[in-house]
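# Structural features, examined
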Amino acid sequence: MRRVNVEEPVSRLAILSTKFAKLALLLAALALVAAHSRGALARFFAILTLQPSATPDPGVGLFIFVTALSVALVAVGLALGALASIWIKGRRGVGKIIATFLLLALLAPYPAFLIYTAGSPPWLADISTDVEDPPAFLTSPDAVAGRGGWTPGPLDAARGEEQLAAYPDVKTIALDMEMDEAFKATREAVLQLRWKILEEVRPGGPKRPEGHIEALAHSPALNLPVAIAIRIRPGEDETRVDMRAVTRYLRNDLGAGAKLIGKLSDSLEEKDEAN
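Residues numbered from 1 in each chain as written. Predicted model: local features only at pLDDT ≥ 70, side-chain atom pairs only at ≥ 80, totals over all residues. Heavy atoms only, no water.

### Notes on the packing of aromatic side chains
- Counting across every chain of the model gives one aromatic pair.
- Aromatic side chains F44 and F45 sit 5.4 Å apart centroid to centroid with 70° between the ring planes, which places their arrangement in the edge-to-face category. (Phe/Tyr/Trp six-rings, centres within 6.5 Å; stacked < 30°, edge-to-face > 60°.)

### So, the packing of helix α8 (residues 179-192) against helix α9 (residues 256-274)
- Contact geometry of α8 with α9 gives a least axis separation of 10 Å together with a crossing angle of 130°. Relative to α9, the element α8 lies oblique. The handedness of the crossing between α8 and α9 is right-handed. Seen from α8, the contacting residues are A185, T186, E188, A189, V190 and Q192; seen from α9, they are L264, S267, L268 and K271.
- Residues of the contact of α8 with α9, tallied by class, amount to five nonpolar, three polar and two charged. (Axes fitted to C-alpha atoms, helices over the stretch in contact; angles between N-to-C directions. Helix = DSSP H or I, 4+ residues; strand = E, 2+ residues; numbered from the N terminus. Parallel < 35°, antiparallel > 145°, perpendicular 65-115°, else oblique. Left-handed = near helix turned anticlockwise from the far one by under 90°. Contact = heavy atoms within 4.5 Å. Nonpolar A, V, L, I, M, F, W, Y, C, P; charged D, E, K, R; others polar.)

### Overview of the pattern of salt bridges
- Within the structure shown, the criterion is met by 13 salt bridges.
- Where D130 meets R231, a salt bridge forms, and the shortest distance between an N and an O atom there is 3.5 Å. Of this pair, D130 sits in the loop between β1 (126-128) and α6 (141-146) while R231 is found in strand β5 (residues 225-234), placing the two residues 101 residues apart along the sequence. Taken as a pair, D130 and R231 share a single burial class, namely buried.
- D242 is the partner of R231 in a salt bridge, and the nearest nitrogen-oxygen pair spans 3.1 Å. In this pair, R231 is assigned in strand β5 and D242 in strand β6 (residues 239-247), connecting sequence segments 11 residues apart.
- Among the charged side chains, a network of salt bridges with common partners joins D130, D133, E210, R231, R233 and D242. (Salt bridge = Lys/Arg side-chain N within 4 Å of Asp/Glu carboxyl O. Buried < 20%, exposed > 50% of the residue type's maximum accessible area, 1.4 Å probe, protein only.)

In C-alpha cells form, the structure reads like this:
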C-alpha cells in the first residue's frame, strides 16, 4: 500500500504574529520619520494630524511609536497563542514564531535603553532647581508661538518633596559673577547645548533686577519638546541661576529634565571656574 503523508497546516496564529511584528517595526520606523520630518514630508504628516500649519503636532512621533509598541504586544500574544496551538494540535509554525521574536528584538533596544538609563525615576515631567519659587514661563506671543501654542502650567508644589528625594543634585546654580556676566555666560551655555532660545529678557538694574531666558530643547529620538525657563537673579554675594524643564506629552520624563538641568549646571560651573 502507498503511504500518504499529510502535513499539518501552519498555525494561523503564528502567521499573524509574524505579520504583526513586521507592522510594529514599520510603525516604529515611521514614528522616527514623523518626529524629524521637514518640508513636504512634514506637511504630509501635518495633514494626517489635521494640523492647519506646515508642521505636524510635535507628539505625532510619540503617538505612532506607542502604537508600534501596542502592535508588538499583540504580536507577542499571538506568538504565545501559536505556541499553545502547536503544542496541543501539533501544527507547524515554530519557525514563524522564532522570526516574530527576532523581529521584535529589533524594536526592544530603544525602550530598554530608556528604562535602563533612567533607573526608577518618579512620575515627574516638571523639574525645577527651586521647587518653592520655580521660574515662570513667559506668555508673550513669541514664547508661546515658539512652544507651538503650549505653555506649561504652575509647578505642582505637592510634588516638590518627591523631586527633592529623587534628584537631590538638582539645585540652584550659584555663580561668582556679576548679573550681566552671569546672563551672558548662561546664554552662551544654552547656545552651546543647542537649545533654541525663544525669548530673552536682560537684567536692567533696580527696576528689572532679574534676567530670563526662555528656550526649547528636544528629546533625541522622538523629538519631544522640552520647555525650559531660566531665571538669573542677584543673591547676597553671588548670582543665582534657576532652571525649570517641562517635558510635553509625558507624565514621566525618565529623568530627562534633571539631565538637562545637570548639563546647564556643568557648563556654567566650568565658565565660573574659568572666570
